[in-house]
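Breakdown of the fold
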Amino acid sequence: MSTSLVEDILAAAGKPVSGDTLTVEQLRLAINEKRVLEVSYWSVMGEGSASFGFAYELSHYSVSKAFPPYIVFPKPIPREFRINSSGSWDDIADVFIEFGINDY
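Computed from a prediction, not measured in an experiment: that's the story for all the values here. (Residues numbered from 1 in each chain as written. Predicted model: local features only at pLDDT ≥ 70, side-chain atom pairs only at ≥ 80, totals over all residues. Heavy atoms only, no water.)

Overview of the nonpolar core
By size, the foremost hydrophobic cluster in this structure holds 19 residues, and its most contacted members are Ile9, Leu37, Phe52, Ile71, Phe73, Val95 and Phe99. Where this core is concerned, the elements lending two or more residues are α1 (3-13), β2 (36-44), β3 (47-54) and α3 (92-98). If you tally residues by element for this core, the top one is α1, at four residues. Non-local contacts of Val95, meaning those with residues more than four positions away in its chain, are made with Val39, Ala50, Ser51, Phe52, Ile71 and Trp89. Counting nine residues, the second-largest nonpolar core is a separate cluster that includes Leu27, Ile31, Leu58 and Val72. (Core = buried A, V, L, I, M, F, W, Y, C linked by side-chain atoms within 4.5 Å. Buried < 20%, exposed > 50% of the residue type's maximum accessible area, 1.4 Å probe, protein only. Helix = DSSP H or I, 4+ residues; strand = E, 2+ residues; numbered from the N terminus. Contact = heavy atoms within 4.5 Å.)

Here is the structure:
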């Protein structure tokens, strides 16, 4: 993954929080305000890969956790950074750490 994309998003949209820290209503509002990334994970024969992309809608929310996991920013993500990353991380938590969220 190009670290520059992560750095560009952080510089433009601010320090994010995990979507799990928000209510469903707050998460929906953040998605509508274009402030949310969705983290994905794929696994084939034990080899996994995590990536992120711009969130367009709230996919699912249970009582305990949002799924897929979301990264929420204080400011909108500029249009030029609303792209999907490549699958360069081994785990979902690694994506969160890359964005400075260490408690996912």
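As for the side chain of Ser18
You can see Ser18 is positioned in strand β1 (residues 17-18). Setting aside chain neighbours within four positions, we find Ser18 in contact with Tyr70, Phe96, Ile101 and Tyr104.

What to know about the sheet that holds β2
Pairing in this open sheet of four strands is antiparallel, and the strands run β1-β4-β2-β3 from one edge to the other. Since the sheet does not close on itself, it has two edges, and those belong to β1 and β3, each with one partner. Of the pairings in the sheet, the one linking β2 to strand β4 (residues 70-72) comprises three bridges and is antiparallel in character. For Glu38, the partnering residue across the bridge sits in β4 and is Tyr70. On top of the sheet, helix α2 (residues 24-32) reaches β2 and β4; it is set at about 75° to β4, its chief contact. (Pairing = 2+ DSSP bridges. Axes fitted to C-alpha atoms, helices over the stretch in contact; angles between N-to-C directions.)

Regarding the side chain of Arg82
If you trace the backbone, Arg82 turns up in the loop between β4 and α3. Leave out the neighbours within four places in its chain, and Arg82 touches Lys34, Phe54, Tyr56 and Ile77.

Focus: the pairing of β3
Every regular strand shows the same layout, with side chains that alternate between the two sheet faces. The element β3 is largely enclosed, with a buried count of six among its eight residues. Here eight bridges tie β2 to β3, and the two strands are oriented antiparallel to one another. Its bridge partner lying in β3, Val39 is registered against Phe52. What sits between β2 and β3 in their antiparallel hairpin is a turn of two residues, with Met45 showing a positive phi close to 55°.

Some details on unusual backbone geometry
Backbone geometry at Lys34 places phi at a positive 65°, although glycine is not the residue there. Positionally, Lys34 belongs in the loop between α2 and β2. The partly exposed category is assigned to Lys34, whose relative accessible area is 36%.

So, the pattern of salt bridges
Applying the stated criterion to the full structure yields one salt bridge. For Arg35, the salt bridge is made with Glu33, and the minimal N-O distance between the two is 2.8 Å. The exposure class of Glu33 is partly exposed, given its relative accessible area of 35%. (Salt bridge = Lys/Arg side-chain N within 4 Å of Asp/Glu carboxyl O.)

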